[in-house]
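Analysis of the macromolecular model
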Amino acid sequence: MKRFLINTAIFIAFLFVLTPLIGVVLFSLSSTRAVGFPSLSTLSLRWFVELMSSPEWARALISSGLIAIVVSPVSVCIAAPAAFVSIRQRGILVSALSSLIISPLVIPPIVLATGLFLFLDRLSLFDTFLGVVIAHQAAVAPVVFLLLRSRFRAETMFLYDTARLLGASPSRAATTWIVNSHGGTLVAAAAIGILFSFNEAILTIYVTDTNVPTLTKQAFSGIARDITPLGFAFLVVWWIVLLSILLMWVSRFSFITQHLNKGVTHGG
Amino acid sequence: MDGDGQVTSPRIPTILWIAPAAGLATCYALAPVLLALSTGFQNWEHPKPLGLTQVDLANLIWDSFWIPCLSSLLAIAITLPLNLISFFCVPFRKLWFTVLMLVLFTNPIFFVFVWAFLWPWTKGSVAVICAAGYILTPLAALVTESGLRSVPMTIVNLSRVSGASPANVCRDLLIPWIWPQFVVAWLLGFMSALGFFLVPLYVGGGRVRSATVWIDRSLNQLGDSEMAGYFILIITGLAVLGMLLAGGIHRILDSSTAEQRP
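Rules and cut-offs
- Residues numbered from 1 in each chain as written.
- Chains lettered and ligands numbered in written order.
- Predicted model: local features only at pLDDT ≥ 70, side-chain atom pairs only at ≥ 80, totals over all residues.
- Heavy atoms only, no water.
- Patch = residues over 30% accessible without salt bridge, like charges linked within 9 Å, V, L, I, M, F, W, Y side chains within 5 Å.
- Areas by Shrake-Rupley, 256 points an atom, 1.4 Å probe, with all protein chains shown as cover.
- Salt bridge = Lys/Arg side-chain N within 4 Å of Asp/Glu carboxyl O.
- Helix = DSSP H or I, 4+ residues; strand = E, 2+ residues; numbered from the N terminus.
- Buried < 20%, exposed > 50% of the residue type's maximum accessible area, 1.4 Å probe, protein only.
- Phe/Tyr/Trp six-rings, centres within 6.5 Å; stacked < 30°, edge-to-face > 60°.
- Contact = heavy atoms within 4.5 Å.
- Polar contact = N/O pair within 3.5 Å; in protein donor to acceptor, adjacent residues only side chain to side chain.
- Buried area = accessible area lost by both parts, 1.4 Å probe.
- Nonpolar A, V, L, I, M, F, W, Y, C, P; charged D, E, K, R; others polar.
- pLDDT = per-residue confidence, 0-100.
- Axes fitted to C-alpha atoms, helices over the stretch in contact; angles between N-to-C directions.
- Left-handed = near helix turned anticlockwise from the far one by under 90°.

1. A look at a nonpolar patch on the surface
Residues and elements named next belong to chain A. Together, Ile62, Leu66, Val70, Val74 and Phe129 line one region of the surface with nonpolar side chains, adding up to about 400 Å² of accessible area. The element that contributes the greatest number of residues to the nonpolar patch is helix H3 (residues 55–88), accounting for 4 residues. Mapped onto the fold, Ile62 is located in helix H3. The exposure class of Ile62 is exposed, given its relative accessible area of 55%.

This is the structure we're talking about:
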């Protein structure tokens, strides 16, 4: 009886997590204009076809891509040195500054969005490409900082210390340690930054009007204003992209592990 | 060039490397507060009435508090059994983390609408708690998972070899080990849920009072930046307090349980 209760609780918990995901897929497969579950007769790929052929969505994709391409490398360039200092240096000042860096993640998005809206409006940057880049920076840089810090913390500082002992300046030793030892990590952090930038919506909704479309804003408008399943179709495509990235990542990782293991076995 | 003919770069203290990121974050964090102060609060001695009665305001603050509290608890209640199973069962772990990644990298606004369309008859606090709890699931799962990763597998394996069932290992070893993570997950979830405004707006169907909805309403409908400023200060203050508490409690609990750990 006890076992049955535990299994039921687990089943309900998993169902709770899965139901909205299944709901999105079903909504996107409906051929009707109103959002709802499709019957067998109304099952179609109409919204996917519309998504692929729409010039508005193509414009939003290009715009989102450009924003992400600017935001992500800038975030990595700012966050990587900060992450290095936060693990290398001790003291109240450094821990206070580290907390400050992640503060945009702590502040509720609506508060951040309101502040950015008022701020960008004063600088005449409301509804401009640069304005959106500045807004996305707030969402992406702290995430990249956290990722890099956790990665750097897990690594040995042996190379850095050796370089310092051999006479390299702190900045040169640190730059070499970050770039040479963590090139892959920097690329991965940039990729995650791109994903976060693509996914950002609330800040974009607040700091733009019609000039700078982004994918999530377009999807939000589609669902909230037009109430059509087009936004859900976009979400399904987004998930397919995410799953592909995840699969590629896992297979690449397992390939490298196998390769290394083979090398170790052959070597000795 | 130095004496040996080597090119030397100017010596910049590395601590300054943190300055650009910290400066940028300061601008982002302070911008809302400073702008709220500069646009709204020009008359500190006689502040403009908020247009809400004391009872309204008390209800608003109470609703803004208890709904995030329960949402965060729900997220932990959902993720705990699934995380514990994934600890023992590798195939389920892969499935669970794939689902989590999908939820994590999907903007919460989509789930807000999914909830609103899936259960259109459920409006009100319960629906808001369920929807917010769902959105907080990846956060709670990742924090709990970080605790589970710190459990030494030797002890788990020893317990299993000694005849303890997975349920016993969970009850007597894993849950006591990771309970500081529960507190941190709850606080982080609470702080995140404090900032949700599309959830009470769309899922709540206008019946749920929330400070964030009032920020949006006062800015976009009433054009009253002073009222928005008050709520911005309240929510920012609560969020910062939550962050400090999360850090402090985590340190205290971690150090106290570290002494008791085998």
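2. A word on the packing of aromatic side chains
Residues and elements named next belong to chain A. Per the counting criterion, the structure on display carries 24 aromatic pairs over all chains. On the numbers, 5.3 Å between centres and 35° between planes, the contact of Trp57 with Phe234 is tilted. Taken together, the positions of Trp57 in helix H3 and Phe234 in helix H13 (residues 230–267) put the pair 177 residues apart, joining distant regions of the chain. The pair formed by Trp57 and Phe234 is uniform in burial state, with each residue classed as buried.

3. Considerations on the side chain of Arg149(A)
Residues and elements named next belong to chain A. When you line up the elements, Arg149 lands in helix H7 (residues 129–154). Given a relative accessible area of 17%, Arg149 falls into the buried group. Leaving out residues up to four positions away in the same chain, Arg149 has contacts with Ala83, Ser86, Ile87 and Ser98.

4. Focus on the environment of Thr228(A)
Residue and element names in this part refer to chain A. Along the chain, Thr228 turns up in the loop between helix H12 (215–224) and H13. Linking Thr228 and Thr156, residues 72 residues apart in sequence, is a C-alpha distance of 52 Å. Setting aside residues no more than four positions away along its own chain, Thr228 makes contact with Arg33, Val35, Trp47, Gly222 and Ile223.

5. Things to note about the pattern of salt bridges
All names here are of chain B. Under the defined criterion, the tally for this structure stands at 4 salt bridges over all chains. In this structure, Glu145 engages Arg93 in a salt bridge whose closest nitrogen and oxygen atoms are separated by 2.8 Å. With Glu145 in helix H5 (residues 125–149) and Arg93 in helix H3 (residues 90–104), this residue pair connects regions lying 52 residues apart in the sequence. The class for Glu145 is buried, based on a relative accessible area of 5%.

6. Thoughts on the environment of Thr137(B)
In this fold, Thr137(B) is placed in helix H5. Counting along the chain gives 59 residues from Thr137(B) to Ile78(B), while the straight-line C-alpha distance between them is 7.3 Å. Non-local contacts of Thr137(B), meaning those with residues more than four positions away in its chain, are made with Val17(A), Ala75(B), Ile78(B), Thr79(B), Trp96(B) and Leu100(B). Side-chain polar atoms of Thr137(B) contact the backbone oxygen of Gly133(B), separated by 3.0 Å.

7. Quick notes on the interface of chain A and chain B
Size of an interface: often given as the accessible area lost when the parts come together. Listed as interface residues are 75 residues of chain A and, on the opposing side, 63 residues of chain B. Between chain A and chain B lies a buried interface of about 6,200 Å² when both sides are counted; carbon and sulfur atoms form 84% of it. Here chain A is connected to chain B by 0 salt bridges. Across the chain A-chain B interface, the total number found is 5 residue pairs in polar contact (both at pLDDT 80 or more). Here the element with the most residues in the side of chain A that touches chain B is helix H1 (residues 2–28) of chain A; it accounts for 12 residues. Partitioning the side of chain A that touches chain B into residue classes produces 57 nonpolar, 16 polar and 2 charged.

8. Let's talk about the confidence of the model for chain A
All names here are of chain A. Looking at chain A, pLDDT values average 83 and 93% of them are 70 or higher. Within chain A, the lowest mean pLDDT, 71, falls on H13, and the highest, 90, falls on H3. Predicted confidence is poor over residues 263–268, with pLDDT under 50, and the contacts of this stretch with residues over four places away or in other chains come to 0 contacts.

9. With respect to the packing of helix H4 (residues 108–118) of chain B against H5(B)
Residue and element names in this part refer to chain B. Two elements in contact, H4 and H5, have axes whose closest approach is 10 Å; the angle formed by their N-to-C orientations is 145°. The two elements H4 and H5 meet at a crossing, and its hand is right-handed. Between H4, through Pro108, Phe111, Val112 and Trp115, and H5, the contact on the second element is made entirely by Cys130, Ala131, Tyr134 and Ile135. Classifying every residue of the contact of H4 with H5 gives 8 nonpolar, no polar and no charged.

10. So, H4(B)
The buried fraction of H4(B) is high, at 9 of 11 residues. Every buried residue of H4(B) is listed here: Ile109(B), Phe110(B), Phe111(B), Val112(B), Phe113(B), Val114(B), Trp115(B), Ala116(B) and Leu118(B).

11. Thoughts on unusual backbone geometry
Residues and elements named next belong to chain A. One non-glycine residue, Ser124, lies in the positive phi region at around 60°. Mapped onto the elements, Ser124 comes out in the loop between helix H6 (109–122) and H7. Here Asp127, not a glycine, exhibits a phi torsion of approximately 60°, which is positive. With respect to the helices and strands, Asp127 occurs in the loop between H6 and H7. A relative accessible area of 8% means that Asp127 is categorised as buried.

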